[in-house]
Amino acid sequence: MRAIGIVLAGGNNHRMAELSQQRAVCAMPIAGSYRSIDFTLSNMSNSHIQKVAVFTQYNAGSLNRHLNSSKWWDFGRKQGGLYVLTPAMANENSNWYKGTADSIYQNLGFLTSSHEPYVVIASGDCVYKMDFNKLLEYHIDKKADITIVVKDMDPNLDISRYGTVQMNEDSRIVGFEEKPLQPKTNTISCGIYVMRRRMLIEMIEKCAEEDRYDFVSDVLIRYKDIKRIFGYKIKSYWKNIASVEDFYDTNMDFLNPDVRNYFFREYPNIYSKVDDLPPAKYNPGACVRNSLISSGCIVNGLVENSVIFKASYIGNGCTIRNSIILNDVYIGDGTTVENCIVESHSTLQGGRTLRGEDRLKVVVEQGDRYVL
Amino acid sequence: MVKKEMIAMLLAGGQGSRLGVLTSKVAKPAVAFGGKYRIIDFPLSNCINSGVDTVGVLTQYQPLRLNAHIGIGIPWDLDRNIGGVSVLPPYESNDSSEWYTGTANAIYQNMEFIENYNPDYVLILSGDHIYKMDYEVMLDFHKSKGADLTIAVMPVPLEEASRFGIMIADEDHRITEFEEKPEHPRSNLASMGIYIFSWPALKKGLTALKDQENLDFGKHIIPYCRDNGAALYAYEFNGYWKDVGTLNSYWEANMELIDIVPEFNLYEEYWKIYTKSEIQPPQYFSADSVVDRCIIGEGSEIYGQVYNSVIGRGVTIGKGTVIRDSIVMNDTVLGQGCEIYKGIIAEGVTVGNGVKLGVGEEKPNDTAPHIYNSGIVTVGEKSVIPAGVSVGKNTVIYGETTVEDYPNGYLDSGSSLIKA
């Protein structure tokens, strides 16, 4: 592959509410046994991008634990590798990353010391599958300076939290608005870009000189008329985890067999850190309907229309409905959980009822646990 | 100079013929177990959990699956700069080229491998037992007794003792005598096939007996050590240990995992069992599925009813299918409306719609009643069973079968249908 990869994983999002208090959005658990960054990293690995940097900043603890070895995505090679780059103190600069462009600027050495001609930049909070080789081919074919991956969204959907683009017949981007109040189109940017490495260095250096820090508004939008920026439209599954509702919907999408087949059974695979948990166990009283259960779980109660992440315990006489139970949750006997997202490592004592009435309820309870 | 205090030699070359068609194409240590594991995962995980980071795996019979599974040892953290896991097949040399003719002969042929690590102690393991054991504790025992050879033993009921090698030890745990499968056992301490040798003692025995045919630990090396005044000690182990050498014991060991609090508990935080896992997604249950008392591996899709069973990874169980008391291994696809009773279905099997396995009268198997018994239906790996047929008990099916192989759509109890 003629490209290196940059994964932007530093952001926080207040719409994630309590869920982002413990982790970066890129480390959000997805589909039972994955985290959102697995999708971008697997796509890069599967596209033979061998040298990948992950820029992290906000609440990177669980993300760093997840990235504790580059083996999981097959990056641990003599050539290339996975580099986790956090803001560092130096003589002339001890700032946090002030924005996406600034995070690239502060790690410009990663770009200048590489020799690959292209860079693929992707955010780490999206769920999708993509062959970046095809994107690069398209980019070269169009003689583009920058190519942005775009997708047509359902016109009825509120897209005011995305960047929207307008393209001409040749797919060149003629309009780009960030989080518009009244979007002119329903084509949005997926936060995945490809461009020449040298051009990125130039643009980022110029940004820094002018004290500009954001990649989208200070590079893409400012340069849209000067540079040839093209859109690469995808029709396949793509979801961005930007709010509690997105997070819930994306996980629930995996109850659909087509989505599961697309991600889990069709080539290429999505990789994740292996936890070596035993198989899930179902004791008498267990009843599971239209749900996903991950390894290491012990189920004694009813689970319906839910996604249960790894190593959770569901007690006797429990009812779990329309809910997401994250990793290592203990739910005591006789508990009812409906329309909830239960945060990792929570301990719910038995006999209670937790119900999201008109909207989802996020449950975070760190209590003493009766050890089995 | 490289120096390892203790290295392990894992005997994984045997066929395990009492597992019937399950070991037609794979060595016994590579047979799937407990929903996601293979039998060899248990000794390998025990090694790394005990701090033994150098393991030689002796392979001979059908090693391909085993080699692919072990690789460079990444799942067990046995990919090391110095040491780690090495697969040791028989090899050709100037003056001789022979297969491993016995357990100790296999070690003798790899003395150079052992010498490379300058060990003080050599741990001999076999790849066909299910247990969790801290070899470091056993080594401490070995050292404290000043033993030349320590044999791990476990107490068994006296009436079963005649099936094992029995050790007779004094109060100090020193072995005074031993007998192989005695008719009238004088002790209930059964050898588990786990030995720690002080390397000089083992080396002496192997060299002295190198010309012995079918050089075996139980038959030759241990008697030699005893006769030459070596200090033999019995290390008593009281945890769970199961030999899965027969179809019935293999079936039982799997079924024991699904007890509410199983005697062999895989869910404890410490002493994890590691395995190579390329399938990671969660398992899916449809709205009309039923699960009761079972364990299920990653990525399986359950549309039917599963009772009292162990299901592997990537298995599909069709709508309306009912499975009871069975073991289904990785990547097998069961069609819709099947009924399966007490089956052991190996990896990658395709079962058509409406198939019934394990029905009818019980009759002894016609070709190998000592292997296929206890009413179990055994289906070999990558077999195909056509839609609509019924199969009796104590039967075995292996290969791509078609409707013509089933007279009147029924394979009678006790029949063997082997096409591969």
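Placed above this text is the structure.
Residues numbered from 1 in each chain as written. Chains lettered and ligands numbered in written order. Predicted model: local features only at pLDDT ≥ 70, side-chain atom pairs only at ≥ 80, totals over all residues. Heavy atoms only, no water.

A. Spotlight on empty space enclosed by the protein. All names here are of chain B. Scanning the model with the defined rule gives three cavities of 30 Å³ or more in all. Reported here for the largest cavity is a volume of approximately 110 Å³. Residue classes in the lining of the largest cavity are distributed as three nonpolar, four polar and six charged. Counted as a void, the second largest cavity has a volume near 80 Å³. Lining the second largest cavity are 13 residues, with Leu 22, Val 26, Ala 346, Glu 347 and Glu 381 sitting closest to its centre. By residue class, the composition of the lining of the second largest cavity is eight nonpolar, one polar and four charged. (1 Å grid on protein atoms, 1.4 Å probe; cavity = no way out; pocket = protein on both sides within 12 Å on 5 of 7 lines; lining within 4 Å. Points joined across faces, edges and corners; volume = space filled by probe spheres on them. Nonpolar A, V, L, I, M, F, W, Y, C, P; charged D, E, K, R; others polar.)

B. Broad picture of the layout of surface pockets. A volume near 1400 Å³ is recorded for the second largest pocket. Forming the walls of the second largest pocket are 49 residues, and the residues nearest its centre are Leu277(A), Gly296(A), Ala311(A), Asp328(A) and Glu269(B). Breaking the lining of the second largest pocket down by element, the ones donating at least two residues are β3 (34–35) and α2 (61–66) of chain A. Per-class residue counts for the lining of the second largest pocket are 21 nonpolar, 15 polar and 13 charged. Formed jointly, the lining of the second largest pocket draws a minimum of three residues from each of two domains, domain 1 (3–264) and domain 2 (281–363) of chain A. (Helix = DSSP H or I, 4+ residues; strand = E, 2+ residues; numbered from the N terminus. Domains from an automatic or database assignment.)

C. Expanded view of the sheet that holds strand β28 (residues 361–363) of chain A. Here we have eleven strands laid out as an open sheet, ordered β28(A)-β25(A)-β22(A)-β19(A)-β16(A)-β14(B)-β16(B)-β18(B)-β21(B)-β24(B)-β27(B), and mixed in their pairing. Two strands lie at the open edges of the sheet, namely β28 of chain A together with β27 (384–385) of chain B, each paired on one side alone. The pairing of strand β25 (residues 340–342) of chain A with β28(A) spans three bridges and is classified as parallel. Bridge pairing in β28(A) places Val342(A) opposite Val363(A). (Pairing = 2+ DSSP bridges.)

D. Looking closely at the packing of aromatic side chains. Scanning the entire structure with this criterion turns up 26 aromatic pairs over all chains. Considering the side-chain rings of Phe254(A) and Phe264(A), the 5.6 Å spacing of their centres and the 25° angle between planes classify their relative orientation as stacked. Placement of the pair is Phe254(A) in the loop between α8 (244–253) and α9 (257–265) and Phe264(A) in helix α9, with a sequence separation of ten residues. Seen in terms of ring centroids, Tyr240(B) and Phe264(B) are 4.9 Å apart; in terms of plane orientation they differ by 35°. Their pairing is tilted. Residue Tyr240(B) is located in the loop between β12 (232–236) and β13 (241–243), and its partner Phe264(B) is located in the loop between α8 (247–256) and β14 (283–285); the two are separated by 24 residues in the primary sequence. Taking the relative accessible area as the measure of exposure, Tyr240(B) reaches 10% and is therefore buried. Through pairs of rings, three or more aromatic residues link up here, namely Tyr34(A), Phe39(A), Tyr237(A), Phe254(A), Tyr262(A), Phe263(A) and Phe264(A). Above the ring of Tyr118(A), the side-chain terminus of Arg196(A) is found at 5.0 Å from the ring centroid. Taking the ring centre of Tyr284(B) as reference, the NZ or CZ of Arg260(A) above it sits at 3.7 Å. (Phe/Tyr/Trp six-rings, centres within 6.5 Å; stacked < 30°, edge-to-face > 60°. Buried < 20%, exposed > 50% of the residue type's maximum accessible area, 1.4 Å probe, protein only. Lys NZ or Arg CZ within 6 Å of the ring centre and 35° of its normal.)

E. Seen up close, the interface of chain A and chain B. Contacts between chain A and chain B engage 36 residues on the former and 40 residues on the latter. Roughly 2900 Å² of surface becomes buried between chain A and chain B when both sides are summed, with 50% attributable to carbon and sulfur atoms. Interface area lost by chain A to chain B is led by Asp276(A), Pro279(A) and Tyr282(A), which between them contribute 22%. A salt bridge links Arg260(A) to Glu301(B), with the shortest nitrogen-to-oxygen separation between them at 2.8 Å. Linking chain A to chain B there are 21 residue pairs in polar contact (both at pLDDT 80 or more). Of all the secondary-structure elements, those providing two or more residues to the side of chain A that touches chain B are α9, β14 (280–282), β15 (287–289) and β16 (291–293) of chain A. Grouping the constituent residues of the side of chain A that touches chain B by class yields 19 nonpolar, ten polar and seven charged. (Contact = heavy atoms within 4.5 Å. Buried area = accessible area lost by both parts, 1.4 Å probe. Salt bridge = Lys/Arg side-chain N within 4 Å of Asp/Glu carboxyl O. Polar contact = N/O pair within 3.5 Å; in protein donor to acceptor, adjacent residues only side chain to side chain.)

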